[in-house]
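Each chain is listed here by its residues.
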Amino acid sequence: MFNTVIYMREDFHLDKIDSFWDWFSAQEEHTRQVLEGRSEQAQEALVQAFNNQVLALGLFTWELGRGQRRPFYFTISPNGSRELLEHSRQLMEAAPRLPQWEFHHAKPPQEWDLKFRLYDEDYNERDVDASRWKFRLQEHPQGGALILLEAANIGHLDGETKLTATEQVVMSLLGEEQKILHVAEIRILTQLSSGSTPIQQLRERFEAFLF
């Protein structure tokens, strides 16, 4: 999977959408070949090409990789921003119909083992195992959901890295759009009282909580 973050340009215009998809369509066969190949040089060139193209559109995260429903996927993510979510949706609604590709306007939910690594504030690599976390859902006083998260095994992380880790896990389980629109706050606790639920059930319980 390839991904990167693109920084905002003030001259973002929706009329650039057609030009972007014309470019994507013209080189999508090459993109597939690079994704299937092992050439680091080709992969680096592909990342740079996508950086250059998406740079004209705004502050988005993009990802390329193997798809779930089709062989490949391409995501232009709003990078956690409610304000950019509508832009990313408009961008992806204009995507061409290509049989090899699935397109997402926000990062979709994932099924994974919840074990990962990330860098802390001092650029040290840290291991995180979220598979043993638990949660409870409550209504937030300002609307949306408050997620109380029991994550006793991240005491070795600094405060900012704890937030990054929990945000990453919640977003991956719910999907980015659900998190942006419906999660008001994630509160980290060392222990929850009775009534907590394994983190693997977050998406199922969250959908029932909303509806």
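Rules and cut-offs
Residues numbered from 1 in each chain as written. Predicted model: local features only at pLDDT ≥ 70, side-chain atom pairs only at ≥ 80, totals over all residues. Heavy atoms only, no water. Helix = DSSP H or I, 4+ residues; strand = E, 2+ residues; numbered from the N terminus. Expected span 1.5 Å × (residues − 1). Buried < 20%, exposed > 50% of the residue type's maximum accessible area, 1.4 Å probe, protein only. Polar contact = N/O pair within 3.5 Å; in protein donor to acceptor, adjacent residues only side chain to side chain. Pairing = 2+ DSSP bridges. Salt bridge = Lys/Arg side-chain N within 4 Å of Asp/Glu carboxyl O. Axes fitted to C-alpha atoms, helices over the stretch in contact; angles between N-to-C directions. Parallel < 35°, antiparallel > 145°, perpendicular 65-115°, else oblique. Left-handed = near helix turned anticlockwise from the far one by under 90°. Contact = heavy atoms within 4.5 Å. Nonpolar A, V, L, I, M, F, W, Y, C, P; charged D, E, K, R; others polar. Phe/Tyr/Trp six-rings, centres within 6.5 Å; stacked < 30°, edge-to-face > 60°.

K.L.:
A description of helix α5 (residues 159–174) should follow, citing residues and the corresponding values.
P.N.:
Taking 1.5 Å per residue, 16 residues should reach 22 Å; α5 reaches 23 Å between its end C-alpha atoms and fits that length. Thr161, Ala165, Thr166, Val169, Val170, Met171, Ser172, Leu173 and Leu174 are the residues of α5 that are buried. You can read the cap of α5 off the contacts: a side-chain oxygen lies 3.2 Å from the backbone nitrogen of Glu160, and it is on Asp158. With its phi angle positive at about 95°, Gly175 sits one or two positions after the end of α5.

K.L.:
Which residues make up the sheet that holds strand β9 (residues 183–189), and what values do they have?
P.N.:
Strand order in this open sheet of 4 strands is β9-β8-β7-β10, and the pairing throughout is mixed. Strands with a single pairing partner mark the edges of an open sheet, and in this sheet they are β9 and β10 (197–198). With 6 bridges connecting them, strand β7 (residues 134–139) and strand β8 (residues 145–150) associate as antiparallel partners. Each bridged residue has a counterpart across the sheet, and for Phe135 the counterpart in β8 is Leu149.

K.L.:
With reference to specific residues and values, describe the environment of Glu207.
P.N.:
Inspection of the secondary structure puts Glu207 in helix α7 (residues 202–210). Residue class for Glu207 comes out partly exposed when judged on its relative accessible area of 35%. Linking Glu207 and Ala184, residues 23 residues apart in sequence, is a C-alpha distance of 15 Å.

K.L.:
Lay out the pattern of salt bridges in plain terms, naming residues and giving numbers.
P.N.:
All chains considered together, the criterion is met by 11 salt bridges. Residue Arg89 is joined to Glu177 by a salt bridge in which the shortest nitrogen-to-oxygen separation is 2.5 Å. Of the two residues, Arg89 is situated in helix α4 (residues 82–93) and Glu177 in helix α6 (residues 176–182); the sequence distance between them amounts to 88 residues. For Glu177, a relative accessible area of 24% translates into the label partly exposed. In this structure, the salt-bridge partner of Glu207 is Arg203, at a minimum N-O distance of 3.5 Å. Of this pair, Glu207 and Arg203 both sit in helix α7, 4 residues apart, which is roughly one turn of the helix. Via salt bridges that share partners, Glu86, Arg89 and Glu177 belong to a single interconnected network.

K.L.:
Can you lay out the pairing of strand β5 (residues 115–119) for me, pointing to particular residues and giving the numbers?
P.N.:
Consecutive side chains of a regular strand alternate in pointing toward one face of the sheet and then the other. Residue alternation in β5 divides its side chains into a buried set, Phe116 and Leu118, and an unburied set, Lys115, Arg117 and Tyr119. Bridging between β5 and strand β6 (residues 125–129) involves 5 bridges; their strand directions are antiparallel. By the bridge assignment, Tyr119 is partnered in β6 with Glu125. Hairpin remark: β5 followed by β6, antiparallel, with 5 residues in the connecting loop; positive phi at Tyr123, about 65°.

K.L.:
Describe the packing of helix α1 (residues 17–26) against helix α3 (residues 40–54), with residues and values.
P.N.:
In the contact formed by α1 and α3, the axes pass within 10 Å of each other and the chain directions differ by 160°. One element, α1, and the other, α3, form an angle in the roughly antiparallel class. Note that α1 runs across α3; the crossing there is right-handed. When α1 is examined against α3, the residues Phe20, Trp23 and Phe24 are found in contact with a partner set consisting of Ala49, Phe50, Gln53 and Val54. Of the residues contributing to the contact of α1 with α3, the split by class is 6 nonpolar, 1 polar and no charged.

K.L.:
So, the packing of aromatic side chains: which residues are in play, and what are the values?
P.N.:
Across all of its chains, the model carries 17 aromatic pairs by this definition. Ring centres of Trp21 and Phe24 lie 5.3 Å apart, and the angle between their planes is 70°; this geometry places the pair in the edge-to-face category. Here Trp21 pairs with Phe24, and both are found in helix α1, just 3 residues apart, close to one helical turn. Here Phe24 falls in the buried class, since its relative accessible area comes to 0%. Between the aromatic rings of Trp101 and Phe103, the centroid separation amounts to 6.4 Å while the plane-to-plane angle is 15°, which identifies the pairing as stacked.

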